[in-house]
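# Structural overview for review
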Amino acid sequence: MREAARAEDLLEWYDRHARDLPWRIGPRARAAGVRPDPYRVWLSEIMLQQTTVPAVKPYFEAFTARWPTVSDLAAAEDADVMAAWAGLGYYARARNLLKCARVVASEHGGVFPDSQEALLQLPGVGPYTAGAVAAIAYDLPATVVDGNVERVMARLHDEHTPLPDAKPVLTGYAAALTPDERPGCYAQAVMDLGATICTPRNPACGLCPWRPSCAAWDAGTAAELPKKVPKKRKPVRLGIAYLARRVDGAWLLERRPDKGLLGGMLGWPGSEWNEAPEEAPPIRAEWKTLPEEARHTFTHFHLRLTVKTALVPMERVPSRGEFVELPAFSPSDLPTVMRKAFDLARGS
Ligand code: SF4
């Protein structure tokens, strides 16, 4: 009963304070019978994994303008989708995005399945995304737990078990709160509460609809929750990137193998990334080492990339990669780390 009242309080708050997001059908439109497009819900949820709302918005708008339906996306060229994703990071998402779109187009007639179990069978769709699509697109009472929801649940219940051990208990709290009425709005409401009120630092408890029943508010512990097991320090890896420019202005590029980091993305030929990378120039040239490194942080390590540049004559043949002439090559097609190397070379 208490949980039902809590869900109702949150829905009332959501009806007044829902964020206006390009992939969202707001509470008023939803009440008027407008249904969310599962393709847009799925696309936004994949883009939002590990990525902020402001970073996702322009990509979401560009993708849906260019590929308005899942069948349009399924028919796209791999290289076009990878180039459109460039800069958003976590590139395995883009490869799985295409795989998933093609499965939905070929095996489900271009319509996303409407059960959590069937959604879970799709490439790149884990429990979180399946729950979010089931709840938001199909209004099913699925429990949706992301980092925001974990934080809110830990505080609401003053749960001090550190993450990730606390995940099952926090998921249990979230499941108990998920209502049968308007579960799609509820899923978005709790995400909004975590993103705008119950924020990691300085939660705005004075504006929170759950303050009257919040255990962390009572205990004065909100700022220290959720507890987390300290992260290990990330190691540093080194690498060398070779940026060769032909005298006609073409750049030597290669597509990275589909599997592995930045898989399927365009990049500069280079060494392995490890503790002591070996020289691996892709073409005979007088290489110049730039004074500044391109630095980038991936999920599991920091990368320091030495950037080497060279100008090469027309007839010289590379041992790997191929020369791409402007305007067929656009720097915006590169993933961020490769773009950083390019910016250094261009400014040198
Ligand atoms: S009262 Fe404060 S700590 Fe509790 S749920 Fe609301 S914002 Fe979070």
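Residues numbered from 1 in each chain as written. Predicted model: local features only at pLDDT ≥ 70, side-chain atom pairs only at ≥ 80, totals over all residues. Heavy atoms only, no water.

- Going by an unreviewed UniProt entry, the protein carries the name Adenine DNA glycosylase and comes from Salipiger thiooxidans.
- Within the UniProt record for the protein, the comment given under Function (unreviewed entry) is "Adenine glycosylase active on G-A mispairs. MutY also corrects error-prone DNA synthesis past GO lesions which are due to the oxidatively damaged form of guanine: 7,8-dihydro-8-oxoguanine (8-oxo-dGTP)." (UniProt positions renumbered as here; feature names shortened; annotations may be inferred.)

## What about the nonpolar core?
- Counting 70 residues, the largest nonpolar core has Trp 42, Met 47, Phe 63, Leu 73, Trp 85, Phe 112 and Trp 268 as its most contacted members.
- Examining the composition of this core, we find that 8 residues originate from one element, helix 9 (residues 127-138), more than from any other.
- Looking at which domains feed residues into this core, each of domain 1 (3-224) and domain 2 (236-347) supplies at least three.
- Residues within four places of Trp 85 in sequence aside, it is in contact with Ile 46, Met 47, Tyr 59, Phe 63, Tyr 90, Tyr 91, Arg 93, Ala 94 and Leu 97.
- Within the second largest apolar cluster, 29 residues are counted, among which are Leu 11, Tyr 14, Ala 189 and Cys 198. (Core = buried A, V, L, I, M, F, W, Y, C linked by side-chain atoms within 4.5 Å. Buried < 20%, exposed > 50% of the residue type's maximum accessible area, 1.4 Å probe, protein only. Helix = DSSP H or I, 4+ residues; strand = E, 2+ residues; numbered from the N terminus. Domains from an automatic or database assignment. Contact = heavy atoms within 4.5 Å.)

## Regarding the domain arrangement of the protein
- Domain boundaries assigned for the protein yield domain 1 (3-224) and domain 2 (236-347).
- Using C-alpha coordinates to define each centre, domain 1 is positioned 36 Å away from domain 2.
- If you look at the interface, domain 1 gives 8 residues, while domain 2 gives 13 residues.
- Summing both sides of the interface, domain 1 and domain 2 together bury roughly 760 Å²; the carbon and sulfur share of this comes to 54%.
- Considering only the side of domain 1, the residues that lose the most area to domain 2 are Met 82, Tyr 91 and Arg 95, jointly responsible for 53% of the buried surface there.
- Where domain 1 touches domain 2, the interface holds 0 salt bridges.
- At the boundary of domain 1 with domain 2, the tally comes to 2 residue pairs in polar contact (both at pLDDT 80 or more).
- Ranked by residues supplied to the side of domain 1 that touches domain 2, first place goes to helix 6 (residues 78-85) with 3 residues.
- A class-by-class count of the residues in the side of domain 1 that touches domain 2 yields 6 nonpolar, 1 polar and 1 charged. (Buried area = accessible area lost by both parts, 1.4 Å probe. Salt bridge = Lys/Arg side-chain N within 4 Å of Asp/Glu carboxyl O. Polar contact = N/O pair within 3.5 Å; in protein donor to acceptor, adjacent residues only side chain to side chain. Nonpolar A, V, L, I, M, F, W, Y, C, P; charged D, E, K, R; others polar.)

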